[in-house]
Amino acid sequence: MWRLAAMLLLSSVCRGSAQLLFDSPRLVEKNACNHSVLLPCSVTNMELNNIRAMFVRWKYKGKDIYTFDGFQDKVTISSDFQSASIFVPDILSGNSSLRLSDEDAVLGNYTCEVTEANREGEIIVELRYHVVSWFNPKENILIVIFPILAILLSWGQFGIVTLKYKANCPSEKTFGLIISGIILTLFVIIGAALFIPGEYSIKNASGLGLIVVPTLMLVLLQYCVFMTAFGMTSFAIAILILQLGGYILAAVGLSLCVMVCAPTQGPLLISGLAIIALAELLGLVYMKFKASNQKPPQPPRKAVEEPLNAFKESKGMMNDE
Ligand SMILES: *[C@@H]1O[C@H](CO)[C@@H](O)[C@H](O)[C@H]1NC(C)=O
Ligand SMILES: *[C@@H]1O[C@H](CO)[C@@H](O)[C@H](O)[C@H]1NC(C)=O
């Protein structure tokens with residue numbers, strides 16, 4: 001009984017009220033990736049289902065930017081907001097959200113005013129800017145670290161070639177390797193300097209390109225180093241194929257990331273770069289292994305081993321006690 005009375009009272013209050021109610025957010029954000037912006041404005045208690053009873057007005061700083069007059073079936077758009085539009089068929093269902101191009105969508109407070117016959121209501125929607133980083137901080141670090149690591153390892157390989165395989169390495173070849181190494185290092189340093197964490201920008205994207213694209217030289221350098229040192233072996237070929245695979249992954253990841261403002265293929269790019277560095281590391285270890293296998297153990301080694309054996313013996317004695 002009480003409940004019924006309360007419900008009757010409530011519904012009469014609702015009917016009597018001349019207020020339209022809104023349920024859309026009052027704060028929306030745009031970022032560097034938005035080509036267009038949607039300012040939400042949605043009424044929950046539409047009743048008449050008659051477009052001729054509708055009037056919608058969007059305002060910015062007190063000036064009309066868009067009006068829809070259902071009675072006259074007329075749309076008026078301010079010259080400062082040429083791109084403003086509402087999907088008119090949606091108005092009857094309560095949705096009067098305004099779409100603006102990114103250029104027109106200045107930040108600030110917009111007012112959406114909706115009238116249905118004698119009922120009306122308004123909502124203020126604030127448009128703010130939200131900075132969205134192109135890659136997340138971890139990805140930024142890994143993208144720079146792996147190529148730098150790979151280059152350092154490459155210089156390490158070069159060191160082994162010049163120290164251990166001097167005979168196979170004529171000076172013009174050494175010179176060529178040094179020049180290529182320096183060019184590659186410069187590319188990656190410049191790229192890393194341009195690739196500053198932050199929003200997507202042409203500068204950022206070219207930095208990423210400068211970091212990733214020249215790493216192909218690492219494959220060539222590693223090939224030259226292997227050829228100079230001991231020629232091709234099946235293990236060396238496997239390392240080069242692995243590295244080339246890493247490069248292809250990284251290049252595909254790069255092209256997918258550069259095309260979009262908020263990349264989702266960061267992990268692909270990073271795993272490619274990681275494989276490139278891994279192949280460089282394997283190459284270095286392999287060269288070291290080959291180099292130490294080629295020459296018989298040198299006399300000075302003994303001198304190191306003897307005190308070591310003596311130490312082991314004394315340790316053994318200590319354990320025996
Ligand atoms: C900007 O774009 C994002 C998705 O890219 C979207 O979620 C967001 O609603 C857009 N901002 C506005 C104000 O329309
Ligand atoms: C928009 O309105 C809110 C609340 O009234 C206010 O805090 C904010 O500063 C306004 N924003 C601008 C850009 O005027």
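Residues numbered from 1 in each chain as written. Chains lettered and ligands numbered in written order. Predicted model: local features only at pLDDT ≥ 70, side-chain atom pairs only at ≥ 80, totals over all residues. Heavy atoms only, no water.

A closer look at unusual backbone geometry
Then, number 1: The backbone phi angle of Asn49 is positive, close to 55 degrees, even though this residue is not glycine.
Then, number 2: Mapped onto the elements, Asn49 comes out in the loop between β2 (36-39) and β3 (54-60).
Then, number 3: Even without being a glycine, Lys61 presents a positive backbone phi close to 50 degrees.
Then, number 4: Along the chain, Lys61 falls in the loop between β3 and β4 (63-69).
Then, number 5: Residue Lys61 is classed as exposed on the basis of its relative accessible area, which comes to 70%. (Helix = DSSP H or I, 4+ residues; strand = E, 2+ residues; numbered from the N terminus. Buried < 20%, exposed > 50% of the residue type's maximum accessible area, 1.4 Å probe, protein only.)

With respect to helix α5 (residues 216-229)
Then, number 1: In this model α5 runs 20 Å from its N-terminal to its C-terminal C-alpha over 14 residues, within 8% of the 20 Å that 1.5 Å per residue would give.
Then, number 2: Buried within α5 are the following residues: Leu218, Val219, Leu221, Gln222, Val225, Phe226, Thr228 and Ala229.
Then, number 3: Gly231, located one to two residues past α5, shows a positive phi value of around 75 degrees. (Expected span 1.5 Å × (residues − 1).)

A closer look at the site of ligand 2
Then, number 1: Lining the immediate environment of ligand 2, one finds Gly108, Asn109 and Glu126.
Then, number 2: The separation between an oxygen atom of ligand 2 and a polar side-chain atom of Asn109 is 2.4 Å.
Then, number 3: For ligand 2, the protein covers 28% of the area, taking 360 Å² as the surface of the free molecule. (Near = heavy atom within 4 Å. Polar contact = N/O pair within 3.5 Å; in protein donor to acceptor, adjacent residues only side chain to side chain. Areas by Shrake-Rupley, 256 points an atom, 1.4 Å probe, with all protein chains shown as cover.)

A few points about the packing of aromatic side chains
Then, number 1: Enumeration according to the criterion identifies 12 aromatic pairs in this entry.
Then, number 2: When the ring of Phe81 is compared with that of Tyr110, the centres are 6.4 Å apart and the planes differ by 80 degrees; the resulting orientation is edge-to-face. Of the two residues, Phe81 sits in the loop between β5 (74-77) and β6 (98-101) while Tyr110 sits in strand β7 (residues 108-116), which places them 29 residues apart along the sequence. Like Phe81, the residue Tyr110 is buried in the burial classification.
Then, number 3: Look at Trp134 and Phe195: their rings are 6.3 Å apart centre to centre, the planes differ by 65 degrees, and that puts the pair in the edge-to-face class. Pair noted here: Trp134 is in the loop between β8 (119-129) and α2 (137-164) and Phe195 is in the loop between α3 (171-194) and α4 (202-212), with a separation of 61 residues, a long-range link. A single burial state applies to Trp134 and to Phe195, both of which are buried.
Then, number 4: An aromatic cluster is defined as three or more aromatic residues linked by ring pairs; in this entry it consists of Trp134, Phe135, Phe195 and Tyr200.
Then, number 5: Lys290 extends its terminal NZ or CZ atom over the ring of Phe230, reaching a point 5.2 Å from the ring centre. (Phe/Tyr/Trp six-rings, centres within 6.5 Å; stacked < 30°, edge-to-face > 60°. Lys NZ or Arg CZ within 6 Å of the ring centre and 35° of its normal.)

Notes on a nonpolar patch on the surface
Then, number 1: Together, Leu216, Leu244, Ile248, Val252, Leu256, Met259 and Val260 make up an exposed nonpolar region whose accessible area comes to about 590 Å².
Then, number 2: At five residues, helix α6 (residues 234-259) tops the list of elements feeding residues into the nonpolar patch.
Then, number 3: Turning to its location among the elements, Met259 is positioned in helix α6.
Then, number 4: On the basis of relative accessibility, which here comes to 65%, the residue Met259 falls in the exposed class. (Patch = residues over 30% accessible without salt bridge, like charges linked within 9 Å, V, L, I, M, F, W, Y side chains within 5 Å. Salt bridge = Lys/Arg side-chain N within 4 Å of Asp/Glu carboxyl O.)

Things to note about the environment of Leu48
Then, number 1: Structurally, the position occupied by Leu48 is in the loop between β2 and β3.
Then, number 2: With sequence-adjacent residues up to four places away left out, Leu48 is seen in contact with Ala53, Glu116 and Ala117. (Contact = heavy atoms within 4.5 Å.)

Brief notes about the site of ligand 1
Then, number 1: Surrounding ligand 1, one finds Val28, Glu29, Asn34, Val37, Leu38 and Leu127.
Then, number 2: Here a nitrogen atom of ligand 1 sits 3.0 Å away from a polar atom, N or O, in the main chain of Glu29.
Then, number 3: Residue Leu38 places a main-chain N or O atom 2.9 Å away from an oxygen atom belonging to ligand 1.
Then, number 4: Expressed as a share of its isolated accessible area of 360 Å², the protein-covered part of ligand 1 is 52%.
Then, number 5: Counting only elements with at least two residues in the shell around ligand 1, the list comes to β1 (27-30) and β2.
Then, number 6: In terms of residue class, the shell around ligand 1 is made up of four nonpolar, one polar and one charged. (Nonpolar A, V, L, I, M, F, W, Y, C, P; charged D, E, K, R; others polar.)

Some details on the state of the cysteines
Then, number 1: On inspection of all chains with the given rule, the structure shows one disulfide.
Then, number 2: Across the disulfide from Cys41 sits Cys112; the S-S distance is 2.0 Å. An S-S torsion of about -65 degrees defines the bridge between Cys41 and Cys112 as left-handed. Linking Cys41 in the loop between β2 and β3 with Cys112 in strand β7, this pair joins segments that are 71 residues apart in sequence. Of the two residues, Cys41 and Cys112, both sit in the buried class. (Disulfide = S-S within 2.5 Å.)

Remarks on the side chain of Ser24
Then, number 1: One can find Ser24 in the loop between α1 (2-16) and β1.
Then, number 2: Excluding its chain neighbours within four sequence positions, the residues that come into contact with Ser24 are Pro40, Cys41, Ser42 and Ile123.

As for the packing of α3 against α4
Then, number 1: Two elements in contact, α3 and α4, have axes separated by 7 Å at closest approach and are oriented at 155 degrees. With respect to α4, the element α3 is oriented roughly antiparallel. In the crossing of α3 with α4, the sense of the turn from one axis to the other is left-handed. Residue-level inspection shows Phe187, Val188, Ile190, Gly191, Ala192 and Leu194 of α3 in contact with α4, the latter providing Lys203, Asn204, Gly207, Leu210 and Ile211.
Then, number 2: Partitioning the contact of α3 with α4 into residue classes produces seven nonpolar, three polar and one charged. (Axes fitted to C-alpha atoms, helices over the stretch in contact; angles between N-to-C directions. Parallel < 35°, antiparallel > 145°, perpendicular 65-115°, else oblique. Left-handed = near helix turned anticlockwise from the far one by under 90°.)

All we've got here are geometric facts, nothing functional implied.
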